[in-house]
Amino acid sequence: MASSLTKDSPSSGEKTFFGHPRGLATLFMTEMWERFSYYGMRALLPLYLIAPGGLDMDAGTATAIYSVYLSLVYLLAMPGGWFGDRVWGPRKTVAIAGGVIMLGHLTLALPSEGTFFAGLGLVAIGSGLLKSNISTMVGHLYDGPEDPRRDGGFTIFYMGINMGAFAAPLVIGTVGENVNWHLGFALAALGMGLGVMQFLIGTRHLNERSLVVPKPLSKDERAATLRKSMIWLGVAAVFYIGTVVTGVYTLNWLLVPITIAGLVIPVMVLTRIKRDKELSAAEQSKMTGYIWFFVAAAIFWMIYDQGGSTLSIFAESSAENSVFGWDFPVSWYQSVNPVLIMALAPVFATFWLALNRRGKEPSTIVKFSSGLVLVGASFFVFLMPLTIAGDGHKAAAMWLVAIYFIQTVAELTLSPVGLSVTTKMAPEKYASQMMGVWFLAVTAGDCTTGLLSLAGVGLNGTGVVALEATLAVAAGIAIFMYRGKVKQLMGDVR
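Report follows, based on the coordinates. Here the structure is a predicted model, which is why all the values come from computation and not from measurement.

**Considerations on the overall build of the chain**
Piece 1. Secondary structure summary: the chain contains 18 helices and six strands in total.
Piece 2. Taking 23 Å as the expected radius of gyration for a compact globule of 494 residues, we find that the chain reaches 23 Å, a close match to that expectation.
Piece 3. Structurally, the chain occupies a C-alpha span of about 65 × 55 × 55 Å along its principal axes.
Piece 4. The buried share of the chain, reckoned over its 494 residues, is 51%.
Piece 5. As displayed, the chain has an accessible area near 22,200 Å², and 66% of this comes from carbon and sulfur atoms.

**Digging into the pattern of salt bridges**
Piece 1. Within this structure, the stated rule accounts for five salt bridges.
Piece 2. Among the salt bridges present, the one from E34 reaches R35, with a minimum N-O distance of 2.6 Å. In terms of burial, E34 and R35 fall into one category: buried.
Piece 3. Across the pair R86 and E221 runs a salt bridge, and its minimum N-O distance is 3.0 Å.

**Quick look at the nonpolar core**
Piece 1. Core analysis: the biggest nonpolar cluster contains 107 residues, and Y69, F116, L120, Y290, Y333, F368 and L400 have the highest contact counts within it.
Piece 2. A per-element tally of this core places helix α11 (residues 281-304) first, with twelve residues.
Piece 3. Once you skip the residues sitting within four places of it in the chain, L120 turns out to touch M41, L45, I65, Y69 and L108.
Piece 4. In this structure, F17, L27, A97 and I161 belong to the second largest nonpolar core, which totals 24 residues.

**Details of a nonpolar patch on the surface**
Piece 1. Together, F239, V244, V248, Y249, W253 and L254 give the surface a local cluster of nonpolar side chains, amounting to about 510 Å² of exposed area.
Piece 2. Those elements that provide at least two residues to the nonpolar patch are α9 (219-245) and α10 (252-274).
Piece 3. Note on W253: relative accessible area 34%, which makes it partly exposed.

**Concerning the side chain of N321**
Piece 1. By the element assignment, N321 lies in the loop between β3 (319-320) and β4 (322-323).
Piece 2. Within the structure, the side chain of N321 is placed 3.0 Å from the backbone oxygen of A315, a separation counted as a polar contact.
Piece 3. The contact partners of N321, leaving out residues within four places of it in the chain, are A315, W326, D327, F328, V330 and Y333.

**Remarks on the environment of I50**
Piece 1. Along the polypeptide, I50 turns up in helix α2 (residues 23-50).
Piece 2. Each C-alpha atom, one on I50 and one on T243, is 26 Å from the other, the two residues being 193 residues apart in sequence.
Piece 3. If near-sequence neighbours (up to four positions away) are discounted, I50 is found in contact with D56, M57, D58, A59, A62, I313 and E316.

About the thresholds
Sequence order as written defines the numbering, with residues in each chain counted from 1. Whole-chain, interface and lining totals are the exception, using all residues; otherwise, since this is a predicted model, local features are given only for residues with pLDDT of at least 70 and side-chain atom pairs are given and counted only at 80 or more. To get the side-chain values, take all heavy atoms of the structure and skip hydrogens and water. Secondary structure is summarised from DSSP: a helix means a run of H or I of at least four residues, a strand means a run of E of at least two, and numbering begins at the N terminus for each. For the radius of gyration, the atom set is restricted to C-alpha positions; the globular benchmark scales as 2.2 Å times the number of residues to the power 0.38. Burial classification: accessible surface area is computed with a 1.4 Å probe over protein chains only, and a residue below 20% of its type maximum counts as buried, one above 50% as exposed, and the rest as partly exposed. Per-residue and other accessible areas were derived by the Shrake-Rupley procedure at a 1.4 Å probe size, with only the shown protein chains allowed to occlude residues. Basic side-chain nitrogens of Lys or Arg form a salt bridge, by our definition, when they fall within 4 Å of a carboxyl oxygen of Asp or Glu. Here, the term nonpolar core denotes a set of buried Ala, Val, Leu, Ile, Met, Phe, Trp, Tyr and Cys residues that are joined through side-chain atoms within 4.5 Å. Any pair of residues with heavy atoms lying within 4.5 Å of one another is described as a contacting pair. For patch building, the residue pool is restricted to those with more than 30% relative accessible area and no salt bridge; the joining distance is 9 Å between like charges and 5 Å between nonpolar side chains (Val, Leu, Ile, Met, Phe, Trp, Tyr). Polar contacts here mean pairs of N or O atoms no more than 3.5 Å apart (in protein, one a potential hydrogen donor and the other a potential acceptor; neighbouring residues in sequence count only if both atoms are side-chain atoms).

Spelled out as structure tokens, the structure:
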């Protein structure tokens, strides 16, 4: 394999990474280690929150915290991209982000409830800064959108994501559950530290464009931005200090405003774009069509992301977590999705290509609606282990594996299509911002889950699970039934 990694390019004599620019290896490893730290911590998070040796919270509060944390990561991707475009440039932003993430994991490793939530905040901020900018740098490695290696490069890059996500629960989850929770969080910090080190060493292989700040703030803009930020920070500090001093502060004073913001901000952003008078009639029409996809995606992610909270908490209390008599940590369930992604993604790519050659590839709308129906079906399957547990028995591990399998197929059907349709339907004026808008669908879905949990809705009850499943299936059927109208709104996008 070493010879493949360092193979000389026949055209330039420069070393390549599987035929791609050498800088792809640097970004591949950075993303792999960042995902290793992120998914390892994420696999431990809900289990630590409910564990008697952890924070010993109830399942509803744990689910709310988990959901709010995920929503923050995706919500902060937009300002993260803004920092890369206007303040630091992508390369500097990613380096700083890696340091913030590592500091966050180290803070989580400290045995204190106060430092725990501070650590979560730091990891969310760092992930938001890194998420948008590292993908931008992958694009910089190629000679524009028409470079034939570009799609392959992103495929290799996303393999790094899933390799890190697969290994993390097996390593960090095992140590956290079986040895010490805080040692598990410390391992996540070590993983991010390795990622930052190799990133700094390998920056010489990156394109010089990653050092450039595309649209730097003017002196006046910088001063105004700093002033507004300090005002909002001061208001928040005064408010929360006031709640603590008066003795009325509870965790909900933090969680509820974030969940509401996670629902309101996506609506505000879409409304602002939709009302922009500078958009052409065709762009306005596409944005109206895109709202259909956005709402449906929010429903999808609301269910899908419960794989790490509702399903994990259920597994901890009500599943027989063993195979052929061999017990395994609950966090290992979080490795099922990434390993299935790595196995099935090439199959799906080949399948769509084969159908396309025959002129039978499903349209974007059909793929999207299928993903929604499938994620709904996964929660209908969830009703079976819930019923078994309700009768006082432990549900077999394969029930949960089946749910994750269906959700992975749903993800491969919907998520790539969502990313693609976002770029295709984006108004020219908002081309660079629309990927952040897509991430806001994840924010909205997770905040819905968080708000339901905070309201005392038991998300592992059969009635609620059945309702969520029905909602997803109904949304998928609605998009399919109105596909003619949506297709008309999409204009020339197919």
